[in-house]
Amino acid sequence: MRIPALTAAVALFTSLTLSLAGGAAAAPAGHPGGHGDGGRFDRPYTGFAPAGTVLHRGSPRDAGLDAAPIQEFERQMAGWEDPAAGAGYLFPGATTLMAHDGVVVERSAGGYAVKYADGTTELPQDQWIPARTDTIYDLASLSKLFTSIVAMQQLEAGRIDLDTPVAHYIPEFAANGKADITIEQLLTHTSGFDADPVPSLWAGYSDIPSREKAILDAKPIHPPGTTYLYSDLNMLSMQLVLEKVTGRPLDALVRDGITGPLHMTDTGYNPPAAELPRIAATEYQTSPARGMVWGQVHDENSWALGGVAGHAGVFSTADDLAVLAQTVLNGGTYAGHRILSQNSVRLMEQNFNQAFPGDSHGLGFELDQIWYMGGLSGPQSLGHTGYTGTSLVIDPQSRSFAILLSNRVHPSRNTPSTNPPRRAIGVALSQAMRVAAPGGGPLWFSGQPGGTTSTLTTGPLTATAPVDVDFSAFVNTESTDLLTVEDSADGGATWQALPLSVTGEGAPAGSPTSLSGQSVRAWWHVHAQVPQQAGPLQIRWRYATDPVYEGRGVDLARLSVTSCGHPVPGAAQLAATGAWQQAAPGPR
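Thresholds applied
Sequence positions are assigned chain by chain, starting from 1 and proceeding in written order. The model is predicted, so local features are restricted to residues of pLDDT at least 70 and side-chain atom pairs to those at 80 or more, both for listing and for counting; the totals for chains, interfaces and linings are taken over all residues. Excluding hydrogens and water, the side-chain figures rest on all heavy atoms present in the structure. When DSSP locates at least two bridges between a pair of strands, those strands are taken to pair. A helix here means a DSSP run of H or I that spans at least four residues, while a strand means a run of E at least two residues long, and both kinds are numbered starting from the N terminus. Salt-bridge detection follows one rule: a side-chain nitrogen of Lys or Arg within 4 Å of a carboxyl oxygen of Asp or Glu. Any residue under 20% of the maximum accessible area for its type is buried, any over 50% is exposed, and the rest in between are partly exposed; the area is computed with a 1.4 Å probe on protein chains only. What qualifies as a polar contact is a pair of N or O atoms within 3.5 Å, subject to a donor-acceptor requirement within protein and to the restriction that residues adjacent in sequence count only when both atoms come from side chains. Confidence of the predictor in every single residue is expressed as pLDDT, which spans 0 to 100. In what follows, a contact means two residues having at least one pair of non-hydrogen atoms within 4.5 Å. Angles run from 0 to 180 degrees between N-to-C directions of axes, and those axes are lines fitted to C-alpha atoms, restricted for helices to the stretch in contact. Put simply, angles under 35 degrees are roughly parallel, angles over 145 are roughly antiparallel, angles from 65 to 115 are roughly perpendicular, and the rest are oblique. Here a crossing is taken to be left-handed if its near helix is turned anticlockwise relative to the far helix by less than a right angle, and right-handed if that turn runs clockwise. Amino acids are sorted into nonpolar (Ala, Val, Leu, Ile, Met, Phe, Trp, Tyr, Cys and Pro), charged (Asp, Glu, Lys and Arg) and polar (every other residue, Gly among them). Only centres within 6.5 Å qualify two rings of Phe, Tyr or Trp (six-membered ring in Trp) as a pair; their planes then separate them into stacked at under 30 degrees, edge-to-face at over 60, and tilted for everything else. Charge-over-ring contacts are defined here by two conditions on Lys NZ or Arg CZ: a distance within 6 Å of the ring centre and an angle within 35 degrees of the ring normal. The set of buried Ala, Val, Leu, Ile, Met, Phe, Trp, Tyr and Cys residues whose side-chain atoms join them within 4.5 Å is what this entry labels a nonpolar core.

## Comments concerning the sheet that holds strand β6 (residues 268–269)
As summarised here, the arrangement of the 3 strands in space is β5-β9-β6, forming an open sheet in which the pairing is antiparallel. The open sheet has two free edges, formed respectively by β5 (137–138) and β6, since each of these has just one partner strand.

So this is what it looks like as structure tokens:
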């Protein structure tokens, strides 16, 4: 059973008030770059949220959102936390949080933070520790975001430069063909490093100095700048650069530059033993022989470096991460404490990897990754995932963010993928935001799961001249999840996709036969023409999703089938199959 947002309201208010250092929570004010209509997914914001925006609790309705998708997500989470779900069981426990326009609209927890004694044996039930809304989780690779923010701070201070080779700061780094690798390439994973140190730092070396030397001696497997390959070695190297140019350890830089100013009191490396009852356990490890890892970093290479590493080691709560996410949305400031300039935040949102389609990356943050961002994905959407079952997605266009923290590696890393709930939280928040038909009127909406086909089909139509099909479409889908308009002249036995003419912001050029993607959040006007038929014909709108990844879905409005400027009789009577649902006029 999950602890819902309203139950946790008092704790949330207390936690966020502490994060504000006494500042009063306030709703965001109007903004010259914004649209001033909260809750509208089809009217994206431009620019940062007002600098004074601070998080406060509220219901979905308070933020102009539909509660139903959020409630459905919480129902799904309860299943993913339930061992009785069989193959659907993904993790012992988790904490989630959603926010929009400064309002925390969902904050809940379920399952157990600690449940197992070893790799297969459950603890006595009276020793199980429930997951709470303030449970502290091992963030795993979300730690890379903290390293990246410190890097941006040193960039602002003039201690490092993006185009400068790493070897300029650490001459030993030039060994084994690395002389030309730049700071930018470390932050965008285009350095050419292999994914992990080989041999591992914990197994191959006896102490921290030899492990740090192994990082400096690592040999790339690709020339720098020629490929994207996500690698822990990038942030391990970045850590050494930051410590060299500042003369301070990474944990001190994170504490003084991020968590201290933002009052993220539950965030840091190597959490104190007194907090153990609040910390989610991770894996029972036999190699290395660490037993049940609880209160120490799960990642073996970070552990081998004393728990402080550029790629892993940070522990945090959903509340603290919420403050960090809102700081990004605010352009680098929160409750009067600025940790980054607006220009630095823009660099984190800028895609430096245009040469590597599908691997969009800002400085430190991943961009536009539907595989875990779901319906919040888009060219400006920032985020990251962590091996322990964590994810953070920040969507500047809707001034929203979604946080999922879990202990999916407890008691073993051999578990199903956590990506379905990662996507689901993004889909739920995006679907909770409204869209409205241009000019008003009812909507047809399908926010279907993967591997689904939904159709809207007219009855038999008779026309003595060519037929024009016109409608408005708001499309937010995976690129391979297609909306098509089809006609049939044989009673629906066979269907042919019609060429489309599409106008509007970011509309596809030419005569596409399908619509898809998340590149723009705008309504399109769509037109198709059916040549004159000898007998009756039918028209249908078909939305089909493949088995993996989903966006927010498809909205249709102002559906019109005419001939010679007059409505074709019977065209307004539509038969819906699959997930199509009609909404009443007005915002949905």
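## So, the pattern of salt bridges
By the definition in use, this model includes 17 salt bridges. In this structure, the salt-bridge partner of Asp 134 is Arg 278, at a minimum N-O distance of 3.7 Å. In this pair, Asp 134 sits in the loop between β4 (129–130) and β5 while Arg 278 sits in the loop between β6 and β7 (284–286), placing the two residues 144 residues apart along the sequence. Taking relative accessible area as the criterion, Arg 278 reaches 16% and is therefore assigned buried. The closest approach of N and O atoms between Glu 300 and Arg 413, which form a salt bridge, is 2.6 Å. Taken together, the residues Glu 300 in helix α10 (residues 300–304) and Arg 413 in the loop between β15 (400–406) and α14 (419–432) connect sequence positions 113 residues apart. Overall, the relative accessible area of 26% leaves Arg 413 in the partly exposed class.

## Digging into the environment of Ser 344
Mapped onto the fold, Ser 344 is located in helix α12 (residues 342–349). On the basis of relative accessible area, Ser 344 is assigned to the buried category, the value being 2%. Considering only alpha carbons, one finds Ser 344 and Leu 155, 189 residues apart in sequence, at a separation of 8.5 Å. Of the polar contacts made by the side chain of Ser 344, one reaches the side chain of Glu 156; its length is 2.5 Å.

## Some details on the confidence of the model for the protein
The predicted model of the protein has a mean per-residue pLDDT of 93, with 93% of residues at 70 or higher. Note that pLDDT drops below 50 for residues 6–15; the model gives that stretch 10 contacts with residues more than four away or on any other chain. In this model, residues 17–33 is a region of pLDDT below 50 whose contacts with residues beyond four sequence positions or in other chains number 33 contacts.

## Some points on the pairing of β15
Counting buried residues along β15, 7 of its 7 residues qualify, which places the element largely inside the surrounding structure. Going residue by residue along β15, you find Ser 400, Ala 402, Leu 404 and Ser 406 tucked away on one face and Phe 401, Ile 403 and Leu 405 tucked away on the opposite face as well. Judged from the 7 bridges that link them, strand β2 (residues 93–100) and β15 form a sheet pairing that is antiparallel. In the strand pairing of β15, Leu 97 is matched with Ile 403. The pairing of strand β14 (residues 390–395) with β15 spans 5 bridges and is antiparallel. In the sheet register, Asp 395 faces β15, and the bridge partner there is Ser 400.

## Description of the packing of helix α3 (residues 143–156) against helix α8 (residues 232–246)
Across the interface, α3 lies against α8 with an axial gap of 10 Å and an inter-helix angle of 40°. With respect to α8, the axis of α3 lies oblique. Relative to α8, α3 is oriented so that their crossing is left-handed. Together, Lys 144, Thr 147, Ser 148, Val 150, Ala 151 and Gln 154 of α3 and Asp 232, Met 235, Met 238, Gln 239, Leu 242 and Thr 246 of α8 make up the contact between the two elements. Counted by class, the contact of α3 with α8 contains 5 nonpolar, 5 polar and 2 charged residues.

## Let's talk about the packing of aromatic side chains
One pass over the structure, following the stated rule, counts 6 aromatic pairs. Ring plane angle 80° and centroid distance 6.2 Å describe the contact between Phe 41 and Phe 474, whose orientation is recorded as edge-to-face. Within this pair, whereas Phe 41 is found in the loop between α1 (9–19) and β1 (56–57), its partner Phe 474 is found in strand β18 (residues 467–476), the two being separated by 433 residues in sequence. Using a relative accessible area of 0% as the deciding quantity, one classes Phe 474 as buried. Three or more aromatic residues joined by ring pairs form one cluster here, namely Phe 41, Phe 474 and Trp 523. The side chain of Arg 399 reaches across the aromatic face of Tyr 45, ending 3.8 Å from its centre. Note that Arg 408 overlies the ring of Tyr 387, its terminal NZ or CZ placed 4.4 Å from the centroid.

## Overview of the nonpolar core
Counting 79 residues, the largest nonpolar core has Met 238 and Phe 401 as the members making the most contacts within it. Among the elements that take part in this core, helix α11 (residues 318–329) stands out by supplying 8 residues, more than any other. Once residues within four sequence positions are removed from consideration, Met 238 is found in contact with Thr 147, Ala 151, Ile 160, Ile 183, Leu 186 and Leu 187. Counting 32 residues, the second largest nonpolar core, distinct from the first, contains Ala 63, Leu 376, Ala 424 and Phe 474.

## Describing unusual backbone geometry
With omega at 5°, the peptide bond leading from Ser 287 into Pro 288 counts as cis. Relative to the assigned elements, Pro 288 resides in the loop between β7 and β8 (289–292). With a phi angle near 55°, Cys 564 is a residue other than glycine that sits in the positive phi range. Under the relative-accessibility criterion, Cys 564 is labelled exposed at 59%.

## A short note on the packing of α3 against helix α9 (residues 250–259)
Packed helices, taken two at a time, are described by the angle between their axes plus the distance between the axes. Where α3 contacts α9, the two axes come as close as 10 Å, and the packing angle between them is 75°. Classified by the angle their axes make, α3 and α9 are roughly perpendicular. Mapping the contact onto sequence places Phe 146, Thr 147, Ile 149, Val 150 and Gln 153 in α3 and Leu 250, Leu 253, Val 254, Gly 257, Ile 258 and Thr 259 in α9. Its residues assigned to classes, the contact of α3 with α9 shows 7 nonpolar, 4 polar and no charged.

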